[in-house]
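Residues per chain are reported as follows:
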Amino acid sequence: MISIQGVYKNFGQTEVLKNINLEISTGEKVLIIGPSGSGKSTLIRCINGLEKVTSGKIVVNGKDVTDKKNKQHEISKEVAMVFQSFNLYPHKTVLQNLTLAPIKVLGVKKEEAERTAYEYLDRVGMREKADAYPAQLSGGQQQRVAIARALNMHPEILLFDEPTSALDPEMIREVLEVIIDLAKSNKTLVVVSHEMGFARQAADRVIFMDEGEIVAVGTPTEVFDNSTNERVLEFLSKIL
Amino acid sequence: MSGQFASERWINFFTSYGNEMLQAFLRTLSISIIALVLALVLSIVFGVMSMSKNGLARAISRVYVEFFQNMPLLILVFVCYNLFPLINITLEPFAIGCIIIGLYHGAYIAEVVRSGIMSINKGQFEAAYSQGFTYLETMRYIILPQMLTIVLPPTAVQAANLVKNTSVLAMIAGHEIMYAANSYGYSTLNYGPPLVTAGILYFIICFPISTWAKKLERKRDIALEGRGGER
């Protein structure tokens, strides 16, 4: 459960987020869309503490992320993130990418971390690449590994920051399939993306942001098919 | 040959002083190794501090680097040798050499480490933080291992510089190569052979290091090319 209460975020003089209020319940699959610069990436980066809010409060599973006393370590148990540029550790093998943080941060035993790592690699179809290095993989494969790495922290919440934006069209599909498959689980997913495939097949709710504000919230049908909001319509006409 | 390089001057030098030169060579070598180890440890500590979010850590690192980069090595050595005894700190020239040269080159290598950390993609820090690693853990498990190939060539260049800089210890009776060569010349007025020999001995230590640095550099550039930037 994520509760975002009156969040503002400034970068210098620029207001990137303006009074964001949003509740995401456990197990919900939420898609955040909007033009670039609308603050959607900043918003999900605030959820796991990568960005500090200027004011307001974000509570994740009862833990106040915006409270400085709460360590990143505590937040990482609840929330994992998948990045646009994958950010795998290039000096580690695929398997080590999955097990490093569970062993060092969560204190999981190596055998146990590897056992679950193989399970998740199976799930994203990357088991046979367990001993490869990231540079030997295609972009789509790297992103699937990054998803498995996030899963191996056993988070309740997964954040996706434009997970397919850096991929060639034929690779978008393989990554999207993995994310849509994940949506069948009881994990909470918050996805920043323009992928209609995810929106139509998996999203419970679509949030449209523009200029740092939440402009529209609703089911995919409500936002994509029945919206009357001008800014939403303008944006949709550009991407569809 | 005649004059300073007459053959009997060489013969006299090697027969009466060969053993002393060998001892001096070994002393230069051991001072260099100890100073280098100290410099490497300091450079990692201060290099990591220089990129920390903690302002105090950054400031301390900055002061250290600026002080040693802008102060002649010779003055530091003289201060330790001549001034410290007045406040009841007496150090052997050997110890002064190891400590001061270690501190001095630690500052230079700390800058190499800092630029190495800066060369790592910001996404690596973000991935590590998002997985709950602290700053020091991020450095240890993710950033430092990746930058090793990047910082090794300039560090090797610094190591060769360090060896050459041990020669300033001649001014405080350091009993290393430069001191031995100079004192033989001084007492016999036979300067040619000891100075040429001293030069050759420094070259013997430094040339392999420099060559190794170049080889590492070439290897690194190939590796970076292979990585092909962002994928």
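Structure's up top.
If you're wondering where the values come from, they're calculated on a predicted model, not measured in any experiment.

Novice: Explain the sheet that holds strand S1 (residues 2-11) of chain A to me, and be specific about the residues and the numbers.
Specialist: Two orientations exist for strands paired in a sheet by backbone hydrogen bonds: parallel and antiparallel. In spatial order, the strands read S2-S1-S4-S5 (chain A); together these 4 strands make up an open sheet with antiparallel pairing. Of all strands in the sheet, those with a lone pairing partner are strand S2 (14-24) and strand S5 (63-64) of chain A, marking the two edges.

Novice: Kindly report on the packing of helix H3 (residues 94-104) of chain A against helix H5 (residues 139-151) of chain A, identifying the contributing residues and their values.
Specialist: All names here are of chain A. As a packed pair, H3 and H5 sit with axes 8 Å apart at the nearest point and diverge in direction by 25°. By the angle between their directions, the pair H3 and H5 is classed as roughly parallel. Where H3 crosses over H5, the handedness of that crossing is right-handed. For the pair H3 and H5, the contacting residues are Val-94, Asn-97 and Leu-98 in the first and Val-145, Ala-148 and Arg-149 in the second. In terms of residue class, the contact of H3 with H5 is made up of 4 nonpolar, 1 polar and 1 charged.

Novice: Explain the sheet that holds strand S3 (residues 29-33) of chain A to me, using residue names and the numbers behind them.
Specialist: All names here are of chain A. Taken in spatial order, the 6 strands of this open sheet run S6-S7-S8-S3-S9-S10, and their pairing is mixed. Looking at the sheet topology across the chains shown, the edges are occupied by strand S6 (79-82) and strand S10 (213-218). Along the sheet, successive strands turn relative to each other by an average axial angle of 20°, direction set aside. As judged from the 4 bridges shared by S6 and strand S7 (residues 157-161), these two strands associate in the parallel manner. Of the residues in S7, the one forming a bridge with Val-82 is Phe-160. Together, S3, S6, S7, strand S8 (188-192) and strand S9 (205-210) form the strand contacts of helix H1 (residues 40-47), whose direction differs from that of S7 by roughly 150°.

Novice: Lay out the interface of chain B and chain A in plain terms, naming residues and giving numbers.
Specialist: With 17 residues of chain B in contact, the opposing surface of chain A contributes 27 residues. With both chains or domains summed, chain B and chain A bury close to 1900 Å², and 56% of this area falls on carbon and sulfur atoms. For the pair chain B and chain A, the interface holds 1 salt bridge. Between Arg45(A) and Glu126(B) there is a salt bridge, and its shortest N-O distance comes to 2.7 Å. Along the contact surface separating chain B from chain A lie 5 residue pairs in polar contact (both at pLDDT 80 or more). Secondary structure elements with two or more residues in the side of chain B that touches chain A: helix H5 (122-130) and helix H6 (135-165) of chain B. The leading source of residues in the side of chain B that touches chain A is H5(B), at 7 residues. Along the lines of polarity and charge, the residues of the side of chain B that touches chain A split into 7 nonpolar, 6 polar and 4 charged.

Novice: Account for the packing of helix H4 (residues 93-119) of chain B against H6(B), naming residues and giving values.
Specialist: All names here are of chain B. Contact geometry of H4 with H6 gives a least axis separation of 8 Å together with a crossing angle of 145°. Note on packing geometry: the crossing formed by H4 with H6 is right-handed. Here H4 contributes Ile-101, Tyr-104, His-105, Tyr-108, Ile-109, Val-112, Val-113, Gly-116, Ile-117 and Ser-119 to the contact with H6, which in turn contributes Met-139, Ile-143, Met-147, Ile-150, Val-151, Pro-154, Thr-155, Gln-158, Asn-161, Leu-162 and Asn-165. Partitioning the contact of H4 with H6 into residue classes produces 14 nonpolar, 7 polar and no charged.

Quick notes on the rules
- Residues numbered from 1 in each chain as written.
- Chains lettered and ligands numbered in written order.
- Predicted model: local features only at pLDDT ≥ 70, side-chain atom pairs only at ≥ 80, totals over all residues.
- Heavy atoms only, no water.
- Pairing = 2+ DSSP bridges.
- Helix = DSSP H or I, 4+ residues; strand = E, 2+ residues; numbered from the N terminus.
- Axes fitted to C-alpha atoms, helices over the stretch in contact; angles between N-to-C directions.
- Parallel < 35°, antiparallel > 145°, perpendicular 65-115°, else oblique.
- Left-handed = near helix turned anticlockwise from the far one by under 90°.
- Contact = heavy atoms within 4.5 Å.
- Nonpolar A, V, L, I, M, F, W, Y, C, P; charged D, E, K, R; others polar.
- Buried area = accessible area lost by both parts, 1.4 Å probe.
- Salt bridge = Lys/Arg side-chain N within 4 Å of Asp/Glu carboxyl O.
- Polar contact = N/O pair within 3.5 Å; in protein donor to acceptor, adjacent residues only side chain to side chain.

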